[in-house]
Amino acid sequence: MTPHASGQRGLPEHLPDPLPIDVVDNHVHLDITREGDEPFDVADAIKQARAVGVTRLVQVGCDLDGIAFTMDAIERHPELVGGIALHPNEVPRLAAAGTLETAYATVERHAAHDRVRVIGETGLDYFRTGPEGVPVQQDGFRWHIDLAKRLGKALQIHDRDAHDDVLRILEEEGAPEHTVLHCFSGDLAMARVCVERGYYLSFAGTVTFKNARDLRDALTAIPLERVLVETDAPYLAPAPHRGATNASFLVPVTIRAMAGVLNIDVPSLCRAVSENSERVYGPWSAERVGQTA
């Protein structure tokens, strides 16, 4: 196994064993660096992910700087497709500064790019935004839903402490054909509602945490054709690396844990994740997958 470069908090010295079938990291922030970390080199991050069978990544930019990074990265790296939006915590900040409409125009302009496959992450976050920011945050969520539908893009949803309102607004607005709850954090009952509505649920390293029994129960209620996996890197590294800087090469740890919860073999889960990802986001490129070194 290959040693990992230093400079990131708590990352293992060696890569996990490769997956038997290549998969997609459904949500990663290569533009974000946790305090005290060295920035990841994008090419190195992709190379290390590919070494363990994570051959395709959805790079998500959710503020104006992140969007600019994402647009550059998807042009340079065929392993990436892009997701862009204004994060629900970003919307009230921009509204207070009087620049929200200009920011929306930037999102819409870049969202037409062929390799931008996702509008997101958008949604609601009642953990960091207080009650005074809720109305504009909800308006922002509705704006992004409409954009995804107008452009025929997938929608990735951020939902923190806002389950009921997220589900209500999706129902009121009408969800896009491909709607993904990124880093799903709901319970069994919410998972069943999402399945009934045809949403996709993406699981991060949180599903491996000891205190995440409700999340594992939710996973068991989801048909394989609706399951995705992600890192949300640099956050939410899976156990036993919880608290470390996360990276796409740790996806195999989460996949193997999920397969155990579902009582299925790892190749079956990998195959489902790969097929689901291309159903939601489309192909990365005809000549790329599994071939670059």
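Refer to the structure printed above.
Computed from a predicted model, the values in this text were never measured in an experiment. (Residues numbered from 1 in each chain as written. Predicted model: local features only at pLDDT ≥ 70, side-chain atom pairs only at ≥ 80, totals over all residues. Heavy atoms only, no water.)

A.B. asks: Go over the nonpolar core, please, and point to the residues and values.
C.D. replies: Within the largest apolar cluster, 75 residues are counted, with the highest numbers of intra-cluster contacts made by L86, F184, F203 and I255. The element best represented in this core is helix α9 (residues 251-262), accounting for 6 residues. Apart from residues no more than four positions distant in its own chain, F184 is found in contact with M190, A191, C194, L201, S202, F203, L215 and A218. In this structure, V58, A154, L228 and W284 belong to the second largest nonpolar core, which totals 12 residues. (Core = buried A, V, L, I, M, F, W, Y, C linked by side-chain atoms within 4.5 Å. Buried < 20%, exposed > 50% of the residue type's maximum accessible area, 1.4 Å probe, protein only. Helix = DSSP H or I, 4+ residues; strand = E, 2+ residues; numbered from the N terminus. Contact = heavy atoms within 4.5 Å.)

A.B. asks: Would you mind going over the packing of helix α6 (residues 163-173) against helix α7 (residues 188-197) in detail, with residue names and values included?
C.D. replies: Here α6 crosses α7 at 15°, and the two axes come no closer than 12 Å. On the basis of the axis angle, α6 is roughly parallel to α7. Considering how the two elements wind past one another, α6 and α7 form a crossing that is left-handed. When α6 is examined against α7, the residues H163, L167, L170 and E171 are found in contact with a partner set consisting of M190, V193, C194 and R197. Across the contact of α6 with α7, the residue classes tally to 5 nonpolar, 1 polar and 2 charged. (Axes fitted to C-alpha atoms, helices over the stretch in contact; angles between N-to-C directions. Parallel < 35°, antiparallel > 145°, perpendicular 65-115°, else oblique. Left-handed = near helix turned anticlockwise from the far one by under 90°. Nonpolar A, V, L, I, M, F, W, Y, C, P; charged D, E, K, R; others polar.)

A.B. asks: Please give an account of the pattern of salt bridges that cites residues and values.
C.D. replies: By the definition in use, this model includes 12 salt bridges. Measuring nitrogen to oxygen at the nearest pair gives 3.5 Å for the salt bridge that ties D37 to R9. With D37 in the loop between β1 (23-28) and α1 (42-51) and R9 in the segment before β1, this residue pair connects regions lying 28 residues apart in the sequence. Judged by its relative accessible area of 11%, D37 is buried. (Salt bridge = Lys/Arg side-chain N within 4 Å of Asp/Glu carboxyl O.)

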